[in-house]
Amino acid sequence: GVLEKWQKRLRYIMVDEFQDSSEKEVKLLSYLQGYHKNLFIVGDADQAIYSFKGGKVELFINFPIDFSPCHQIKLEQNYRSVGEVVDIGNELISKNILRDKKILISERGLSNTKIKHYHAKSDEEEMNFINQAFPNKFRFHCDRDSYDYVYDINDLADLSGKKYDGKRNHIK
């Protein structure tokens, strides 16, 4: 019938941000992958943000059991952030209750960067803080009517020492 037609048609299925999947979505995937059993998922339990829309991080955590046999690859190397930022991230996410334990490692190593925590009470307060903390790096502006945030990507990239062209491609 209809199920068999779609199972045979969908030889490979890939799902990104699986940690935000709902029970209904996973049930559908289990049916669809039933013939070829080629289901590839990508996700991070520590980045689950859609529980208010029915997302259940447990479905991601239990995937190796529910869809056994499967092969799991953990990506724990961080290429973007300096060690101090990665270390703080590890400390914060270690407090998550439902998670697949992992320790991220910075490729860039330690940089003697001083991390400062600031808790803004609004987007406008956050933008004012950033503009004052980095007066020559950013030009943030908030349009209250449209909720647009205006900034130049080169200003953001400048903190990392990287530059980007107008299409957001890295310039070496």
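Look up a bit, the structure's there.
Residues numbered from 1 in each chain as written. Predicted model: local features only at pLDDT ≥ 70, side-chain atom pairs only at ≥ 80, totals over all residues. Heavy atoms only, no water.

### Notes on the packing of aromatic side chains
Then step 1. This model, assessed by the stated rule, comprises 5 aromatic pairs.
Then step 2. Both rings, one in Phe18 and one in Phe63, keep their centres 5.5 Å apart while their planes meet at 75 degrees; by these two values the pair is edge-to-face. Highlighted residues: Phe18 in the loop between β1 (13-15) and α2 (23-32) and Phe63 in helix α4 (residues 63-66), separated in sequence by 45 residues. A single burial state applies to Phe18 and to Phe63, both of which are buried.
Then step 3. Measuring from centroid to centroid gives 4.6 Å for Phe63 and Phe67, while their planes differ by 20 degrees, and the two rings are stacked.
Then step 4. Of the residues examined, Phe63 reaches a relative accessible area of 7% and is grouped as buried.
Then step 5. Looking at Phe67, the relative accessible area reads 15%, which means it is buried. (Phe/Tyr/Trp six-rings, centres within 6.5 Å; stacked < 30°, edge-to-face > 60°. Helix = DSSP H or I, 4+ residues; strand = E, 2+ residues; numbered from the N terminus. Buried < 20%, exposed > 50% of the residue type's maximum accessible area, 1.4 Å probe, protein only.)

### Some words on the nonpolar core
Then step 1. In this structure, Ile13, Val15, Phe18, Leu29, Leu39, Ile41 and Phe63 are the most contacted members of the largest nonpolar core, which totals 14 residues.
Then step 2. Sequence-distant contacts of Val15, defined by excluding residues within four places in its chain, comprise Ser21, Leu29, Leu39, Phe40, Ile41 and Val42. (Core = buried A, V, L, I, M, F, W, Y, C linked by side-chain atoms within 4.5 Å. Contact = heavy atoms within 4.5 Å.)

### A short note on the pattern of salt bridges
Then step 1. Scanning the model with the defined rule gives 5 salt bridges in all.
Then step 2. In this structure, Asp44 and Lys102 form a salt bridge, with 2.8 Å as the shortest nitrogen-oxygen distance. On the criterion of sequence distance, the pair formed by Asp44 in the loop between β2 (39-41) and α3 (57-61) and Lys102 in the loop between α5 (83-93) and β4 (105-106) is long-range, its members being 58 residues apart.
Then step 3. Of the charged contacts in the structure, one is a salt bridge between Lys74 and Asp100, with a shortest N-O distance of 3.6 Å. In this pair, Lys74 is assigned in the loop between α4 and β3 (77-78) and Asp100 in the loop between α5 and β4, connecting sequence segments 26 residues apart. (Salt bridge = Lys/Arg side-chain N within 4 Å of Asp/Glu carboxyl O.)

### Some details on the side chain of Gln7
Then step 1. The topology assignment puts Gln7 in helix α1 (residues 2-9).
Then step 2. Given a relative accessible area of 14%, Gln7 falls into the buried group.
Then step 3. For Gln7, the contacting residues outside a window of four places in its chain are Tyr31, Leu32, Gly34, Tyr35 and His36.

### With respect to the side chain of Ser106
Then step 1. Inspection of the secondary structure puts Ser106 in strand β4.
Then step 2. A distance of 3.4 Å separates a polar side-chain atom of Ser106 from the backbone nitrogen of Gly83.
Then step 3. A polar side-chain atom of Ser106 sits 3.3 Å from the main-chain amide nitrogen of Gly109.
Then step 4. Ignoring sequence-local partners within four residues, the contact set of Ser106 consists of Gln77, Asn78, Ser81, Val82, Gly83 and Val86. (Polar contact = N/O pair within 3.5 Å; in protein donor to acceptor, adjacent residues only side chain to side chain.)

### With respect to unusual backbone geometry
Then step 1. Residues Ser68 and Pro69 are joined by a peptide bond in cis, for which omega reads -5 degrees.
Then step 2. Look at Lys37: it is not a glycine, yet its phi comes out positive at around 55 degrees.
Then step 3. Within the secondary structure, Lys37 sits in the loop between α2 and β2.
Then step 4. Look at Lys37 and you get exposed, because its relative accessible area is 56%.
Then step 5. Although it is not a glycine, Asn112 adopts a positive phi angle of roughly 65 degrees.
Then step 6. With respect to the helices and strands, Asn112 occurs in the loop between β4 and α6 (123-133).

### A look at α2
Then step 1. All buried positions along α2 are accounted for by Val26, Leu29 and Leu32. The buried residues of α2 occupy an angular sector of 120 degrees when the element is viewed end-on, so they sit on one face.
Then step 2. Packed against the buried residues of α2 are α1, β1, β2 and α3. (Arc of directions from axis to C-beta.)

### Looking at the environment of Pro64
Then step 1. With respect to the helices, strands and loops of the structure, Pro64 is situated in helix α4.
Then step 2. Dropping the residues within four chain positions of it, Pro64 is found in contact with Cys70 and Gln72.

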